[in-house]
Amino acid sequence: MTINLGICPIGWTNDDLPELGAENTFQQALSEMALAGFTGTEIGNKYPKNPVELHSHLEPRGMSIASGWFSAFLTTKPFEETAKAFKLKLDFLHAMGSKVIVVSEQGHSIQCLDRPIYDEKPTFSEEEWHLLTTGLEKLGNMAHEKEMEIVFHHHMGTCIQTTAEIERLMEETQPDKVSLLFDTGHLVFSGEDPLYIYNKYANRIKHIHFKDIREERMNNVKSEHSSFLQGVKAGVFTVPGDGMIDFEPIWHAIHTSDYQGWIMVEAEQDPTQANPFLYAKMAREYMNQITGL
Ligand SMILES: O=C1C[C@@H](O)[C@H](O)[C@@H](O)C1=O
Ligand SMILES: [Co+2]
């Protein structure tokens, strides 16, 4: 596998905020993704839950499933509960031909709560760190049984958000069991340096989300003490090339590291304000300009 370009359905229908894009069908989203020039997507909650049915919509459009999100609660619920839900998602993604499963630890997360995202960032106790790292390694073993990898998603409003938290997670988990997802938008929103993270963990990064940030709107989230989802609705995120992030050095680092896998455009914003098809086309043109792909 070389590098493939995909796009997440979150610009059409937002699973964190179902009122955004409630009017859009998954068929429209898949058709517009393909028409914009992408060949992969991630799971959205409007997609058919049956792999054969989902495949019947993907195949004629030349699309495949790169991955899908899984919310773990390793720090706040018994491991068996997370493991059971994880197995269902893993089996589904395996049936769809995905090689990686996105894992986010949602214990203590405020990402979907009405709480100020910068002011109330949660952190783990020592015991919770242990539950997280040991639990993730077990999920990594389960994924290996399907010849898949878990890719951990650092995320605003969770206990794995900052550079120090990502570094600790990487240090305290075995590289062959826990891989990393690199999300440009979440790193910049948090005030981190994406190039530093990419260069330090290039050998562990097995999935990539490219999202850009509108700087002024991000600053408003800070000054107005907004929640993550208020920020999304206000348009903090946009497609690569439309915001403050310089993707050229990031692409250079990815290219020279010999990365193999998907780069997914992921830009949640209000589809009534930012037409998802037009933004997908803009993103695809920009990606072609900087990557030649
Ligand atoms: O990968 C992601 C999935 C979404 O549900 C999430 O909130 C978004 O910001 C993201 O990066
Ligand atoms: Co992401």
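Residues numbered from 1 in each chain as written. Chains lettered and ligands numbered in written order. Predicted model: local features only at pLDDT ≥ 70, side-chain atom pairs only at ≥ 80, totals over all residues. Heavy atoms only, no water.

Within an unreviewed UniProt entry, the label attached to the chain reads Inosose dehydratase, and the organism entered is Lactococcus muris. Per UniProt, the chain carries the Sequence similarities (unreviewed entry) text "Belongs to the IolE/MocC family." The chain has a UniProt comment under Pathway (unreviewed entry) that states "Polyol metabolism; myo-inositol degradation into acetyl-CoA; acetyl-CoA from myo-inositol: step 2/7." (UniProt positions renumbered as here; feature names shortened; annotations may be inferred.)

## Let's talk about helix α5 (residues 163-171)
Taken together, the buried positions of α5 are occupied by Thr 163, Glu 165, Ile 166, Glu 167, Leu 169 and Met 170. Residues of α5 that are buried sit in contact with α4 (126-144), β6 (149-153), β7 (179-183), α6 (184-189) and α7 (194-201). (Buried < 20%, exposed > 50% of the residue type's maximum accessible area, 1.4 Å probe, protein only. Helix = DSSP H or I, 4+ residues; strand = E, 2+ residues; numbered from the N terminus. Contact = heavy atoms within 4.5 Å.)

## Quick look at the site of ligand 1
Around ligand 1, the structure places 13 residues, and the nearest of them are Asp 16, His 153, His 186, Glu 266 and Glu 268. Here Gln 111 contributes a side-chain N or O atom positioned 3.5 Å from an oxygen atom of ligand 1. Within the side chain of Glu 268, an N or O atom sits 2.5 Å from an oxygen atom of ligand 1. Within the complex, 93% of the 290 Å² of free accessible area of ligand 1 lies under protein. (Near = heavy atom within 4 Å. Polar contact = N/O pair within 3.5 Å; in protein donor to acceptor, adjacent residues only side chain to side chain. Areas by Shrake-Rupley, 256 points an atom, 1.4 Å probe, with all protein chains shown as cover.)

## What to know about the coordination of the cobalt ion (ligand 2)
Octahedral metals with six donors have ideal donor angles of 90 or 180 degrees. Tetrahedral metals with four donors have an ideal donor angle of 109.5 degrees. All of the protein donors around the cobalt ion (ligand 2) are His 153 (NE2), Asp 183 (OD), His 209 (ND1) and Glu 266 (OE); their distances to the metal are 2.1 to 2.3 Å. One can describe the donor arrangement at the cobalt ion (ligand 2) as octahedral, given that its 6 donor atoms subtend angles of 72 to 169° at the metal. Read from N- to C-terminus, the donor residues coordinating the cobalt ion (ligand 2) fall into the pattern H-x29-D-x25-H-x56-E. Taken together, the positions of His 153 in strand β6 and Glu 266 in the loop between β11 (261-265) and α11 (276-291) put the pair 113 residues apart, joining distant regions of the chain. Residues His 153 and Glu 266 agree in their burial class; the two are buried. (Donors = N, O, S within 2.8 Å, 3.2 Å for Na, K, Ca; no water. Tetrahedral: all angles 85-135°; square planar, octahedral: opposite > 155°, others 65-115°.)

## Points about the layout of surface pockets
When its volume is computed, the largest pocket comes out at roughly 430 Å³. As for the largest pocket, its lining consists of 25 residues, and the residues nearest its centre are Ile 10, Asp 15, Asp 16, Ile 43 and Trp 69. Within the lining of the largest pocket, the residues separate by chemical class into 6 nonpolar, 12 polar and 7 charged. As a volume, the second largest pocket reaches approximately 230 Å³. Considering the residues around the second largest pocket, the lining is formed by 17 residues, among which Met 1, Ser 98, Lys 99, Val 100 and Trp 262 are closest to the centre. Secondary-structure elements contributing two or more residues to the lining of the second largest pocket are β3 (64-67), β8 (205-210) and β11. When residues of the lining of the second largest pocket are assigned to their parent elements, the largest contribution, 3 residues, is made by β3. Its residues assigned to classes, the lining of the second largest pocket shows 7 nonpolar, 6 polar and 4 charged. (1 Å grid on protein atoms, 1.4 Å probe; cavity = no way out; pocket = protein on both sides within 12 Å on 5 of 7 lines; lining within 4 Å. Points joined across faces, edges and corners; volume = space filled by probe spheres on them. Nonpolar A, V, L, I, M, F, W, Y, C, P; charged D, E, K, R; others polar.)

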